[in-house]
Amino acid sequence: RVNRLEEAIKCYRQALSLKPALSGPHYGLAFLHVRRGETDAAIQHLEAFLAAPPSSGEPDRWIEDAGETLESLKSRGDGELGTENLSHPPPATEL
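(A) Representation of helix α2 (residues 24-35). The terminal C-alpha atoms of α2, which comprises 12 residues, lie 17 Å apart, in line with the 16 Å expected from a rise of 1.5 Å per residue. All of the buried residues in α2 are Gly 24, Pro 25, His 26, Tyr 27, Gly 28, Leu 29, Ala 30, Phe 31, Leu 32, His 33 and Val 34. Directly after α2, the chain includes Gly 37, whose backbone phi takes a positive value near 80°.

In structure tokens:
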């Protein structure tokens with residue numbers, strides 16, 4: 001399972017290296033970092049996603065989810081966020 005997370009992170013980072021303006025990889029990376037307990041990295045990617053969210057698909061749902069998660073991460077401030085109440089990110093092809 002760890003290898004799959006690492007591979008997903010690698011793919012999202014590669015996508016951002018090719019097209020830094022893509023919002024989907026930021027969204028996906030944010031939730032992968034949440035799962036790994038990497039709060040600062042998750043916050044960075046959620047803020048990048050919210051700065052330039054997608055305009056197609058179901059952006060309202062993703063924007064709301066990202067905003068709620070960001071608020072939760074910032075309000076906890078302890079670097080530990082349980083993922084049991086977080087929505088799972090959509091497949092990258094949806095963003």
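(B) The environment of Leu 5, seen in detail. Within the secondary structure, Leu 5 is located in helix α1 (residues 2-18). The class for Leu 5 is buried, based on a relative accessible area of 16%. Separated by 24 residues in sequence, Leu 5 and Leu 29 place their C-alpha atoms 9.8 Å apart. Apart from the residues lying within four places of it in its own chain, the contact partners of Leu 5 are Leu 32, Arg 35 and Arg 36.

(C) Representation of the packing of aromatic side chains in the model. Taken as a whole, this structure holds 2 aromatic pairs when the rule is applied. Among the aromatic side chains, those forming a connected cluster through ring pairs are Tyr 27, Phe 31 and Phe 49.

Reading the values: the criteria
- Residues numbered from 1 in each chain as written.
- Predicted model: local features only at pLDDT ≥ 70, side-chain atom pairs only at ≥ 80, totals over all residues.
- Heavy atoms only, no water.
- Helix = DSSP H or I, 4+ residues; strand = E, 2+ residues; numbered from the N terminus.
- Expected span 1.5 Å × (residues − 1).
- Buried < 20%, exposed > 50% of the residue type's maximum accessible area, 1.4 Å probe, protein only.
- Contact = heavy atoms within 4.5 Å.
- Phe/Tyr/Trp six-rings, centres within 6.5 Å; stacked < 30°, edge-to-face > 60°.

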